[in-house]
Amino acid sequence: MRFRLLGPVEIANQEAVFTAPRPRSRAVLAYLLLSANRLVTTGSMVDAIWGPAPPSTARNQIQADVSAVRRALRQAGCPECLFTSSSGYRIQAAEDEIDVTLFAAQLAQARSLAERDDLVAAAQIMRQALSLWRGPALGEIVGSFVEAARTNLNEQRLAAIEGLAELELRLGRHEEVAAELSALIGEHPLREGIARALALALYRCGRPADALAVLRQLREALAEEFGVDPAAATAALELSILRSDPGLSPQAPPARRNALPADATGFAGRSAELEKLDSAPSALVTVTGPGGIGKTALALHWAHRVAHLYPDGVLYVDLQGFSRSEPLAPVVALSRLLYQLGVPPEQIPVREDFATDLFRAQVTGKRLLIVLDNARNSEQVRPMLAGSPACKTLVTSRTELSGLVARDGASPVRLGVLDPAEAQTLLTSILGDNDPAMLAELAGLCAQVPLALRIAAAGLIGKSAQGIQEYMARLRSADRLGVLEFAGDDDLAIAGTFELSYAVLDSFAQQLFRSLSLVPGPDFTLDTATDLAGLGPHQTAAILKSLVAAHLVEDRTGGRYGFHDLLRLYAASLAASVDGPQALAAGVERLYRHYLWVAQSAAQVLYPQVLRLPGDREDDRKSRFEDHSQAIAWLDAERANLIAAVTAGAEQAEPELAWLLADTLRGYFYLRMFTVDWTAAAQSALAMAERRADSRAQAAALLSLADLHWRQGDYDHADEIYARAIDAAQSAGWPEGQATALGNLGGLRRLQGRLAEAAELLRSSLILNIQAGRLEGQSVNLGNLSIAYMEIGEYDLAEKYIQDAYVLYRKFGSRTAEATLLSNLGELILLRQGDHKLASANLDKALQLHRELGDRAGEAATLSNLAEATQASGDLAGAMAVARSAVTLAQESGDERILASCQRVLAELLLLTGETAAAVELGRQSVQKAQQAKHRFIETRALLGLSRIHLGLNDTPAALEAARQALNLASRSGYAALVDEATRMVAGLSAPPPLT
C-alpha cells in the first residue's frame with residue numbers, strides 16, 4: 001500500500017490507484033496522512049480545512065468526508081487503516097507506506113552515507129527519494145493548512161535536488177548534472193544552490209562562458225527581485241571560474257575489475273525485486289527462493305545493471321551449495337575471490353581463517369560488489385563477508401539464510417513465481433511474437449516458474465503448428481514434470497531441480513511435504529498441516545519451518561503457507577510412489593475432518609439457527625472460536641480452500657465429508673453472498689448426493705441452491721427447487737429439513753407479495769419445528785412471521801413475534817439473528833411513527849453487529865433505517881451522510897432489494913435538500929431496482945416515495961400515477977398499512993383544486 005502526497009493525493013496498491021472523490025475529501029485524507037499514527041481530533045480537522053471561520057455544518061461535512069476516505073481505503077484493500085474513536089480519527093501506516101515520510105527517511109539515509117564518504121550509495125538513495133515526486137506536493141487540494149504544508153514540502157524537494165547535484169559533481173558526473181539543472185533553472189531563477197551547481201557542471205563540461213552567464217543571470221535576478229547581491233559562496237565560484245582555478249576540475253575515476261558471468265538473456269519482469277535490491281539498506285543482501293525460480297538470473301541482471309556504481313569492481317563465485325557436486329569449501333571460494341582481487345596464487349593462504357583475514361584486508365577501503373551465488377547455508381557464506389560497509393555482498397540460496405538476516409543484518413529478498421504478464425514477456429523474448437492465448441496457457445502450465453518457462457520455450461523453438469499442439473498436449477498430461485526436461489542435461493529438468501532440495505530434508509519433513517500435496521486448495525495454515533500430519537502443533541511448526549527454509553513451501557502472509565503448481569505436482573508424484581493408497585486415504589480423511597470440524601465450530605458461533613446435516617460422528621474437541629469475529633475471519637480466509645475441498649470431494653473419495661462441508665457453509669454464503677463459490681459448493685454437493693442416492697444430503701444441497709436463487713432474485717427457480725427440497729426431505733424422513741424448506745418458501749412468498757400463502761407456510765414450518773423440538777427453527781419462523789405481519793400492517797402482532805423470536809435466539813446465542821431482529825425492530829418502530837430515539841438505539845446495536853460480522857447488505861439496510869431515524873430527529877445533514885453510506889454499501893453488497901430500499905431513502909432526502917433532479921432520478925432507480933429484485937413491499941414503498949418526490953416538485957400527474965401504482969400493488973399483496981397510505985395520497989392528488 002502506498003499513500004501519495006508528493007503530487008496528486010492518491011492511494012495506490014499493486015493493481016490500481018484510488019482517491020477520494022471530492023477535493024475537500026482529498027484534503028481530509030492528506031491532513032490525516034500528514035498526521036499519520038497520531039489521533040486527529042474533529043476540531044483540529046475543522047480548523048485545518050476551514051481556518052478560523054468554519055461553516056455551522058463543518059463537523060457533519062468532516063464526517064461525510066471521512067466516510068468518503070474510508071470508502072477509498074476499502075476500495076484500495078485497506079479497510080482497517082482508518083481508526084475512529086469518540087475523540088477523532090487516526091490513519092495507521094508504516095513509514096515506507098507514505099511517500100512524505102519515506103522521502104524524509106531516504107534523505108536522512110543519503111546524508112548519513114555522504115558523511116561517511118559513500119557518495120555513490122548516497123546519490124543513489126537521494127535519486128530514489130526524488131523519484132517519489134509526481135508533481136507539486138498535495139496536488140490541487142484546498143484547505144487552510146495546505147499552502148504552508150505544500151511550501152514546506154516543495155522546499156525539501158529543492159534542497160534534495162541541490163544535495164544530489166553536489167554528490168553527482170563530486171562523483172564526476174558533471175554532464176548529467178548540467179543536463180538536469182539546465183531544464184530546472186528557469187523554474188527557480190533565484191535558487192543559488194541550483195545556479196552554483198549548474199555553473200560548476202557547465203565549467204567542467206568545457207563551457208565556462210555558459211557557466212558565467214548562469215551566475216550573471218542569478219545576480220541580476222536577485223538585484224531586481226530583492227535588491228541584494230549573491231551569497232559569498234556564489235561570488236567565490238564566479239571568481240574561480242574567471243581564473244580557471246585548477247581546483248574546479250574533477251578527479252579521474254580509478255580502474256575497475258569485473259568477474260561477473262554474462263547477464264541472463266531474455267530477462268523479464270522482477271521490477272519489484274529489482275527495486276528492493278536498489279533500495280536495500282544493508283551492505284549484505286540475500287536473494288532466496290526455490291529451485292528454478294530465477295535467483296541467479298536476477299542477481300546477475302542486477303549486478304550488471306549497477307556494476308558502474310562500484311568503481312573498484314565486481315567479484316563473483318558459484319558456491320555450488322545445491323548441485324551434483326560437493327558444496328564449495330569456504331577456503332576454496334575465498335581463494336577464487338582473492339585471485340579476482342589480484343592476489344598471486346602463491347600468496348593465497350590454505351587455512352580458512354587466514355584467507356578470511358587476507359580477504360577482508362584486501363577489500364578494506366574499496367567499493368566492491370561481491371556476488372556469492374548458490375549458497376548452501378549461512379555458515380558457508382560467513383567467512384566471505386566483507387568487513388567494509390562500502391562493499392555490497394549479494395548472496396543467493398535455496399535456503400532462507402535466516403542466520404545472515406538475524407546475526408549479520410542482511411536485507412532479505414524472497415523470490416516467488418513470475419506474474420502472468422512477466423511470464424508471457426519471458427516467453428516472447430525466446431519465442432518471439434506468438435498466439436497470446438497459447439503463451440498464456442503455456443505460462444500457466446509452467447506455473448510461471450522461470451526455469452520451467454525456459455525449458456518449455458526451448459522445446460517449442462522451431463516446431464511446426466502441429467508440433468506445438470502436440471507439445472502442449474503432453475504438457476497438459478499427467479506427466480508434466482517429465483515433459484519439462486532435456487534428456488542428458490540434469491540442470492535442465494524441473495523435477496531434478498526440486499530433487500536437490502528435497503534430498504537434504506529429514507524423513508519427517510519429506511513426509512509432510514508429500515502429504516501437503518493432498519490439500520486441494522491454494523494454501524494452508526499450521527492448524528491444517530498439523531491435523532493433516534497427525535502430529536502435535538509444535539512438531540509440525542518445526543517441520544514447516546524447515547520446509548520454508550528449503551523453499552519447498554512458501555511462508556505467505558497471515559500465517560498461511562503454500563507452493564506453486566509444479567512443486568505440488570512434484571510432491572504428489574512422490575506421494576504416489578512412496579506412500580501407499582491406504583496412507584493417502586487416511587491423510588485425505590484427516591484433512592476433510594479438520595475443515596469440517598473448524599467450519600462447524602464457526603457455524604455454531606455465527607449462525608446456529610441455520611439447519612445443518614447431522615454428522616457421521618461428533619467431534620468432542622473444544623470449539624475453535626471465542627467470538628463471531630474470529631469465526632467469520634477464519635471462514636473468509638479459508639473460503640478458497642473449503643470450496644476446493646468440496647468440489648474435489650468426489651475425486652478424493654470423501655463425498656460424505658464434502659457434502660457435509662458444503663452444507664455447513666450455507667449460512668456463511670447467505671451472509672457473505674459469494675455467489676460463484678456458493679453455486680460451485682451447492683451443485684457439487686447435489687451431484688455427489690445424487691450419485692450416492694442419499695435423499696437427506698440431496699435435500700440439504702437443494703435447500704442451499706434454492707436459497708442462492710432466492711438471494712439472487714431468481715424466484716421462479718427458487719420456488720421450483722424448494723419444492724424438490726421438501727419432497728427429498730419427506731422421502732428421507734427428515735422433518736427438520738422439511739420444516740426449513742417450508743419456512744424458506746414462506747419467506748419467498750412474502751417477497752412475492754403473497755402474504756396469505758406466506759403466513760400459512762410459515763405456520764406449517766413452525767408446527768414441524770415444534771414437533772421436532774428444534775428451537776432454532778422456531779425462532780426463524782417467528783422472526784419471518786414478524787416481518788410478514790409488519791408488511792401486512794399488524795404492528796402489534798409483528799412486535800410480539802419479534803420479541804418471542806428474540807427470547808429464543810438469546811437461548812442459543814445467534815449474533816446474526818440478533819442483528820437482523822434488532823434492525824427489524826428499529827424499522828418497525830419507524831413504520832409505526834414511534835420514538836426515533838428508541839429506533840436509533842436498536843439500529844445502532846444492529847449496525848455494530850452487522851459490521852463485526854462483515855454483513856454488508858445487513859449493514860446497508862440498517863444504515864438506511866438509521867438515516868430515516870436521523871432525519872426524524874431533525875438532523876438532515878447527518879441523515880444525508882448516513883444515507884449516502886448506505887447506498888454505497890448496498891451497491892458493494894450486490895443485493896438489489898437492499899439497494900432499492902436505500903435509494904428510496906436517499907432520494908427523498910435529496911428532495912429535502914433541494915437536489916430535485918437527482919431526487920427524481922434516484923427515486924425512479926429505486927422503483928426499477930425493486931422491480932428487478934421482485935420485492936413487492938419495497939417496490940410499493942419506492943412508488944410511494946417517488947410520488948412524494950413528484951408532489952414536492954408540483955408534478956401532480958406524475959405523483960398521482962406513482963401513487964395509483966402503489967395502491968394497486970399494495971391492494972393485490974395485502975399490505976394494509978400501505979393501502980391506507982396510498983389511498984390517502986390518491987385521494988388528495990385527485991381532489992379538484994380549491995375555488996379562487
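The structure we're discussing is the one just above.
Residues numbered from 1 in each chain as written. Predicted model: local features only at pLDDT ≥ 70, side-chain atom pairs only at ≥ 80, totals over all residues. Heavy atoms only, no water.

Caption draft 1: The overall build of the protein, seen in detail. Assigned secondary structure in the protein consists of 46 helices and 16 strands. With the C-alpha coordinates of the protein rotated into their principal frame, the extents come out at 105 × 85 × 55 Å. Taking all 996 residues of the protein together, the buried fraction comes to 53%. Within the protein, residue pairs in contact and separated by at least 24 positions form 67% of the contacts whose partners lie at least 6 positions apart. When the accessible area of the protein is evaluated, it comes to approximately 42800 Å², of which 51% is carbon and sulfur surface. Looking at charge distribution, the protein has the averaged site of its 95 positive side-chain charges lying 2 Å from that of its 116 negative ones. (Helix = DSSP H or I, 4+ residues; strand = E, 2+ residues; numbered from the N terminus. Buried < 20%, exposed > 50% of the residue type's maximum accessible area, 1.4 Å probe, protein only. Contact = heavy atoms within 4.5 Å. Areas by Shrake-Rupley, 256 points an atom, 1.4 Å probe, with all protein chains shown as cover. Lys, Arg positive; Asp, Glu negative; His and termini not counted. Charge placed at Lys NZ, Arg CZ, Asp CG, Glu CD.)

Caption draft 2: Representation of the environment of Thr-540 within the structure. Inspection of the secondary structure assignment puts Thr-540 in helix α25 (residues 537-549). Thr-540 gets classed as buried once you look at its relative accessible area, which sits at 0%. Contacts of Thr-540, omitting those with residues within four sequence positions, involve Leu-512, Leu-526, Ala-529, Thr-530 and Leu-535.

Caption draft 3: A look at the packing of helix α45 (residues 956-973) against helix α46 (residues 976-990). Following both chains from N to C, one finds α45 and α46 inclined at 150 degrees, their axes separated by 9 Å at the closest point. With respect to each other, α45 and α46 are oriented roughly antiparallel. Where α45 crosses over α46, the two elements pack in a sense that is left-handed. Contacts between α45 and α46 involve Thr-956, Ala-959, Leu-960, Ala-963, Arg-964, Ala-966, Leu-967, Ala-970 and Ser-971 on the former and, on the latter, Leu-978, Val-979, Ala-982, Thr-983, Met-985, Val-986, Leu-989 and Ser-990. Across the contact of α45 with α46, the residue classes tally to twelve nonpolar, four polar and one charged. (Axes fitted to C-alpha atoms, helices over the stretch in contact; angles between N-to-C directions. Parallel < 35°, antiparallel > 145°, perpendicular 65-115°, else oblique. Left-handed = near helix turned anticlockwise from the far one by under 90°. Nonpolar A, V, L, I, M, F, W, Y, C, P; charged D, E, K, R; others polar.)

Caption draft 4: Molecular detail of the state of the cysteines. The tally for this structure, following the rule as stated, stands at one disulfide. The partner cysteine of Cys-78 in its disulfide is Cys-81, sulfur to sulfur 1.4 Å. On the accessibility criterion, Cys-78 (6% relative accessible area) is buried. Residue classification places Cys-81 among the buried positions, given a relative accessible area of 6%. (Disulfide = S-S within 2.5 Å.)

Caption draft 5: Fine view of the nonpolar core. In this structure, Leu-442, Phe-513, Leu-516, Leu-544, Leu-547, Val-553 and Leu-635 are the most contacted members of the largest nonpolar core, which totals 125 residues. Among the elements that make up this core, the one with the highest residue count is helix α27 (residues 581-606) (twelve residues). When sequence neighbours within four positions are dropped, the list of residues in contact with Val-553 reads Leu-516, Phe-524, Leu-544, Leu-547, Val-548, Tyr-561, Gly-562 and Phe-563. Residues Phe-3, Leu-107, Ala-195 and Ala-197 belong to the second largest nonpolar core, which totals 87 residues. (Core = buried A, V, L, I, M, F, W, Y, C linked by side-chain atoms within 4.5 Å.)

Caption draft 6: Quick peek at the sheet that holds strand β1 (residues 2-4). Taken together, the three strands give an open sheet; going across it, the order is β1-β2-β3, and neighbouring strands pair in antiparallel fashion. Unpaired on one side and paired on the other, β1 and β3 (17-18) mark the two borders of the sheet. Pairing between β1 and strand β2 (residues 10-12): three bridges, direction antiparallel. Across the sheet, residue Phe-3 finds its bridge partner in β2, namely Ile-11. (Pairing = 2+ DSSP bridges.)

Caption draft 7: Representation of the sheet that holds strand β8 (residues 314-318). With parallel pairing, five strands are arranged side by side in an open sheet as β8-β9-β10-β7-β11. Looking along the sheet, the strands with just one partner apiece sit at the ends: β8 and β11 (411-414). Pairs of neighbouring strands in the sheet enclose a mean axial angle of 15 degrees, with direction left out of account. As judged from the four bridges shared by strand β7 (residues 284-288) and β11, these two strands associate in the parallel manner. Paired with Val-287 across the two strands is Val-413, which belongs to β11.

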